[in-house]
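# Residue-level structural notes
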Amino acid sequence: MTRVAPSPTGFMHIGGIYAALLCERVAHQSGGIFYLRIEDTDQKRKVEGAEEVIINSLGRYGIHADEGVDQNGKDYGPYQPYTQSQRKEIYQAYAKKLVEEGLAYPCFCSQEDLDIMRKIQEKQSLRPGYYGKYAKCRKLTDDEILANLKAGKPYVLRFKSNGDYNKRMIIKDLLKGDISMPENDLDVVLIKGDGLPMYHFAHAIDDHLMGTTHVIRGDEWLSSVPLHIQLFVALGWKAPKYGHCAPLQKLDNGNRRKLSKRHDPEANIVFFWEHGYPEKALIEYLFNLLNASFEDWKRTNPDKDAFDFPMNFSKLSNTAGALFDFQKLNSISKEVVAKMSAEDVFSAVLKWAETYQPNFADRLRDNREYVISILDIERNIGKKSRKDLLKWEDLPNDISYFFDDLFTTTREEKKTLIPNISEDLIRTISQEFSRIYNPADDKDAWFNHIKEIAESHGFAGEMKAYRENPEAFKGNVSDVANVLRVLVTGRDKTPDLYMIMKVMGTERVKKRLQDF
RNA sequence: GACCCUAUCAUCUAGUGGUUAGGAUACAGCCCUCUCAAGGCUGGUACACGGGUUCAAAUCCCGUUAGGGUCGCCA
């Protein structure tokens, strides 16, 4: 039984997907339950519609919660509600219990009081925080508390820690092993001025009530584990097992740092939607970061779904935090796209374009069969399949020359793409080929025509012959093919020209060959 | 400042006392080739540093250094 517990800030961090994927696998691979809880106790950061962002993001990557909140904001599962702001009474009931047991107390310190206290502590280079003799309100008598309450002074509820900072405790982390840490002696805030709980308190209560057995979360929480265990003890409950993993990082001026939503556009999962990265590619990349053995498994099981991968939780890559590597993602993405059928690529691109490039979406819909035949060029021919498309946003430019209204290469541009061959010769070659071109020819016949034309104009028909004696020729067959390529596509680098001509159709090909 | 985590090629990593330190990505070269991509082959000053323990250390211990994280009425 484990969970993912994001905050609805309107922003889904890629690290959140990474963590969710790990939690989902921990739960489901062991036959457990995986649920979603919305942690919205910070009303200041809450953004309208943010739950939807979270739920859509998870769903998009195939991470499904057995319990939680659905797209319409409706709870499902036995421990409703799954949104913390709706559980206010629950937290307050337990808070009240702790006060009665003398384990919590109201604190009337203002923000200014705390700031002053912190400055004093810093000046004496003491550990900052509300503890020991600095925990002023801890010593308030019942009468003083009553008087403050009566005067309407705002207050928070603090935990009365019995920890000793000089004593140490061993915490067992599923991912990092045994760690020795000082006990917590901070009287942390349990309930804030607005009546909602702090993360720590809500964590203890919800994870107990919802039956969480394993808490897998970012290692920014590692330092709070002593407090969390203390909280579970105070409430009379058994603490869950913890596992802390390092966050995704990026290189910044030679230094690593956490992927930050303020500075790094790729921290936002929407970045990958906008650019049209296939969902499968991102998931496979994240699996790869979680368990390096994933790619070996994938190589021996190329057709299996990533979620079938038997993850080894004791071998999680839990070191300093992986650097997000676009080159690796791109390479995985190329493999993923190469394995898709032309129809599947078409559907995925269309779905992407509908949101991010409506004009291109119209073009796709109007030319469905044509585009699929374009996408089918050098596809599914085994090991040598084309692997150059990695994200949908690249496609509009990749295939633009297939459309007459987008084929705008000027005569001058064509000339610069065909260096060393005179205009007359370009015209001669293209006209000769145009006359002879027959779409019914197979590839060998097609290429033989080009060779013949090449040889008749003093170019080498065979690359070998050319290489052995380059001086004897004007050039070689690839120069002649290049003439045709540039005239037909406006580019000097394209997929297989034979297939391109076939897909384009005789009429279009001949028209372009003659247009010089 | 205190506490915690981490340290193997450029990057992700395999490695749990004896390995020519392995793989993937990236990069470079060659081959193939109508260009590109793909594919095939080949390549490169990687165990942070310094001490131990041991016949033997990337692996265990101690320091140093570096990076990361935490110390909120944020999560």
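Everything in this summary refers to the structure shown in the same document. In this text, all values refer to a predicted model and were calculated from it rather than measured experimentally. (Residues numbered from 1 in each chain as written. Chains lettered and ligands numbered in written order. Predicted model: local features only at pLDDT ≥ 70, side-chain atom pairs only at ≥ 80, totals over all residues. Heavy atoms only, no water.)

Let's shift gears to the overall build of chain A. Scanning chain A from N- to C-terminus turns up 22 helices and 15 strands. The C-alpha radius of gyration of chain A comes to 32 Å, more than 25% above the 24 Å expected for a compact globule of 516 residues. When the backbone C-alpha atoms are referred to their principal axes, chain A occupies close to 110 × 45 × 45 Å. In chain A, which comprises 516 residues, the proportion classed as buried is 47%. Within chain A, contacts between residues at least 6 apart in sequence are counted, and of these 70% link residues at least 24 apart. Side-chain charges in chain A split into 74 positive and 77 negative, and the spacing between the mean points of these groups amounts to 5 Å. (Helix = DSSP H or I, 4+ residues; strand = E, 2+ residues; numbered from the N terminus. Rg over C-alpha atoms; globule rule 2.2 N^0.38 Å. Buried < 20%, exposed > 50% of the residue type's maximum accessible area, 1.4 Å probe, protein only. Contact = heavy atoms within 4.5 Å. Lys, Arg positive; Asp, Glu negative; His and termini not counted. Charge placed at Lys NZ, Arg CZ, Asp CG, Glu CD.)

Look at helix 6 (residues 199-209) against helix 7 (residues 225-234): their axes get within 10 Å of each other, and the N-to-C directions meet at 55 degrees. Between helix 6 and helix 7, the angle is such that the two are oblique. Here helix 6 and helix 7 pass one another in a crossing that is right-handed. Of the residues in helix 7, those in contact with Tyr199, His200, Phe201, His203, Ala204 and His208 of helix 6 are Leu227, His228, Leu231 and Phe232. (Axes fitted to C-alpha atoms, helices over the stretch in contact; angles between N-to-C directions. Parallel < 35°, antiparallel > 145°, perpendicular 65-115°, else oblique. Left-handed = near helix turned anticlockwise from the far one by under 90°.)

With antiparallel pairing, the three strands of this open sheet are ordered in space as 5-6-9. The sheet terminates laterally at strand 5 (104-107) and strand 9 (189-191), the two strands that pair on one side only. Geometrically, the sheet is characterised by an average inter-axis angle of 45 degrees between neighbouring strands, direction not taken into account. Inspection of the sheet shows strand 6 (residues 156-159) paired to strand 9 by two bridges, in the antiparallel sense. Along strand 9, the bridge assignment pairs Leu157 with Ile191. Where helix 3 (residues 88-100) meets the sheet, its contacts fall on strand 5, strand 6 and strand 9, and the angle it forms with strand 9 comes to roughly 125 degrees. (Pairing = 2+ DSSP bridges.)

This part covers the nonpolar core. Membership of the largest hydrophobic core comes to 57 residues, with the highest contact counts inside it found for Leu58, Tyr61, Ile63, Ile269, Phe272, Phe287 and Phe324. Of all the secondary-structure elements, those providing two or more residues to this core are helix 1 (14-29), strand 2 (34-36), helix 2 (50-60), helix 8 (270-274), helix 9 (279-290), helix 10 (294-300) and helix 11 (326-339). Ranked by residues supplied to this core, first place goes to helix 1 with nine residues. Once residues within four sequence positions are removed from consideration, Leu58 is found in contact with Val4, Met12, Ile17, Ala20, Leu36 and Ile63. The next biggest cluster of nonpolar side chains, apart from the first, holds 54 residues, and it includes Val349, Leu395, Val483 and Met501. (Core = buried A, V, L, I, M, F, W, Y, C linked by side-chain atoms within 4.5 Å.)

Every buried residue of helix 14 (residues 368-375) is accounted for by Tyr370, Val371, Ile372, Ile374 and Leu375. Where helix 14 is buried, its residues contact helix 12 (342-356), helix 13 (358-366), helix 15 (395-398), helix 21 (497-504) and helix 22 (506-514).

Okay, the environment of Asp479 next. Following the sequence through the fold, Asp479 ends up in helix 20 (residues 477-489). If sequence neighbours within four positions are ignored, Asp479 has contacts with Ile421 and Phe459.

Another point: the side chain of Lys298. One can find Lys298 in helix 10. Within the structure, Lys298 has its side chain in polar contact with the side chain of Glu284 (distance 3.2 Å). Engagement of the side chain of Lys298 in a polar contact is seen with the backbone oxygen of Lys304, the distance being 2.9 Å. Setting aside anything within four residues of it in sequence, one finds Lys298 in contact with Glu284, Lys304 and Lys339. (Polar contact = N/O pair within 3.5 Å; in protein donor to acceptor, adjacent residues only side chain to side chain.)

The next subject is the pattern of salt bridges. Applying the stated criterion to the full structure yields 39 salt bridges. Across the pair Glu24 and Arg25 runs a salt bridge, and its minimum N-O distance is 2.8 Å. Grouping residues by exposure puts Glu24 and Arg25 together as buried. When the shortest N-O distance is used, the salt bridge between Asp404 and Arg508 registers 3.1 Å. Placement of Asp404 in the loop between helix 15 and helix 16 (411-417) and of Arg508 in helix 22 is noted, with a sequence separation of 104 residues between them. What you see here is one network of salt bridges that share partners, running through Arg3, Arg37, Glu39, Arg87, Asp206 and Asp207. (Salt bridge = Lys/Arg side-chain N within 4 Å of Asp/Glu carboxyl O.)

What follows concerns the pairing of strand 5. Neither face of strand 5 is exposed, since Ala104 and Pro106 on one face and Tyr105 and Cys107 on the opposite face are all buried. With four bridges connecting them, strand 5 and strand 6 associate as antiparallel partners. Within strand 6, the residue paired with Pro106 across the bridge is Leu157.

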